Amino acid sequence: MSLTPHVFWAQRHHELYLRVELSDVQNPDITISDNVLHFKAQGHGAKGVNIYEFTLEFFAPVKPKFIQRSTQRQVGITVKKSEKIWWPRLIKQERKPRFLAPDCDRWLDESDAEMELREKEEERITKIRTESRKREDPFLYLKRGYLFMYNLVQFLGFSWIFVNMTVRLFILGQDSFYDTFNTMGDMMYFCQTLALLEIINPLIGLVKTGVAPALIQVLGRNFILFFILGELDEMQTKAIVFFIFYLWSSIEIFRYPFYMLACLDSEWMLLTWIRYTIWIPLYPFGALAEAASIIQAIPIFNETGRFSLRLPPPLDFTVSFSVFLVVYLVLIFLGLAINLRHLLKQRRRRLGSRKRKMQ
């Protein structure tokens, strides 16, 4: 009969610990196949220096890979369970063999093991939080405060425009179309001038959005506001101004509150959905309204000659500003395509991931 060493065992929810009482072991032969551990080695045990071996069929499935550490006094074996569950015993057979005993040094009952597991998880979470605080920007709260105040001011400004235009529309009807610029122009000047910060913020790293979409939107709007509407008195009394201002403000009264909540690490699901959905109809309509204002402004620029460029001799002819406006009409829809593509990617990333989580 082969000699059997003393084997001590303990467990946790995710792994098993075996300690074989053999000293001076060299290159033990250990395998796990078909959920059975085979051990054979030459060492100094209870019967002196001999070959010792044993076989254990585990109570539940284990992974075939294991960790083995040999010292001068013992051989340690760590086996991973296939499932993180607590076993009522180590081996499949109910009757325990004589050579197998609990490892008192590592033994825990199930409740103690769960407590140990929770403590390790708490330590892990604490470590992650500590490391994140170390990496945290010392000016983080100052930056967030600035961004929150910027978005708050813009929200209040565009809300004032939207509410006033809505009230005037209900009271005056179509008559409110023709004095929109005179009543709302100053506030729109303020909001769109302040919006230049949306180009500066990503450039200096305050926000992680791309510069190109902000550049296209802000400069495009400001061109319409300052050069088309602001420079031509004839344009300021046209109905198209109402639609431009109303479409711009309709988008921003949802966009800026979304960014305000983001500064507070908070989110309102309905607002998130609106912010990433409302642009689908409003951005194309806004581009059409801006294009309509340019088409209406081209004859005025031709008649007045404003912003026309006189070329020096020998060319000696004048390039009307309307030529640039025709080119800009094409750029409006090119910029719209770029922004729509950018917003579509954002929408898929934010709302698409949410749908997958719900499923």
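Note that the coordinates shown come from a computational prediction; the quantities given were computed from them, not determined experimentally.

**Considerations on empty space enclosed by the protein**
One pass over the full model with this rule turns up four cavities of 30 Å³ or more. Looking at the largest cavity, its volume works out to about 50 Å³. Around the largest cavity sit Ile251, Phe254, Arg255, Arg275, Ile278, Trp279 and Tyr283, which together line it. Where the lining of the largest cavity is concerned, the elements lending two or more residues are helix H6 (240–263) and helix H8 (279–304). In terms of residue count, H6 provides more of the lining of the largest cavity than any other element does, three residues in total.

**Thoughts on the domain arrangement of the protein**
The domains assigned to the protein are domain 1 (7–107) and domain 2 (139–353). The distance between the C-alpha centroids of domain 1 and domain 2 comes to 72 Å.

**What about the side chain of Arg275?**
Inspection of the secondary structure assignment puts Arg275 in helix H7 (residues 269–275). An unpaired buried charge is present at Arg275: no salt bridge exists, and Glu252, the closest side chain of opposite charge, is 7.6 Å distant. For Arg275, the residues in contact, after removing those within four places along its chain, are Phe254, Arg255, Phe258, Tyr259, Leu343 and Gln346.

**Description of the nonpolar core**
Within the largest apolar cluster, 49 residues are counted, with the highest numbers of intra-cluster contacts made by Ile224, Ile228, Leu229, Met235, Phe245, Ile294 and Leu325. Elements supplying a minimum of two residues to this core: helix H2 (140–172), helix H3 (180–194), helix H5 (211–229), H6, H8 and helix H9 (321–358). The biggest single contributor to this core is H8, with 11 residues. Apart from residues lying up to four places away in sequence, Met235 is in contact with Ile228, Leu229, Ile240, Val241, Ser293, Gln296, Ala297 and Ile300. Membership of the second largest hydrophobic core comes to 26 residues, among which are Trp9, Leu16, Ile30 and Tyr52.

How each quantity is defined
Residues numbered from 1 in each chain as written. Predicted model: local features only at pLDDT ≥ 70, side-chain atom pairs only at ≥ 80, totals over all residues. Heavy atoms only, no water. 1 Å grid on protein atoms, 1.4 Å probe; cavity = no way out; pocket = protein on both sides within 12 Å on 5 of 7 lines; lining within 4 Å. Points joined across faces, edges and corners; volume = space filled by probe spheres on them. Helix = DSSP H or I, 4+ residues; strand = E, 2+ residues; numbered from the N terminus. Domains from an automatic or database assignment. Buried < 20%, exposed > 50% of the residue type's maximum accessible area, 1.4 Å probe, protein only. Lys, Arg positive; Asp, Glu negative; His and termini not counted. Salt bridge = Lys/Arg side-chain N within 4 Å of Asp/Glu carboxyl O. Contact = heavy atoms within 4.5 Å. Core = buried A, V, L, I, M, F, W, Y, C linked by side-chain atoms within 4.5 Å.

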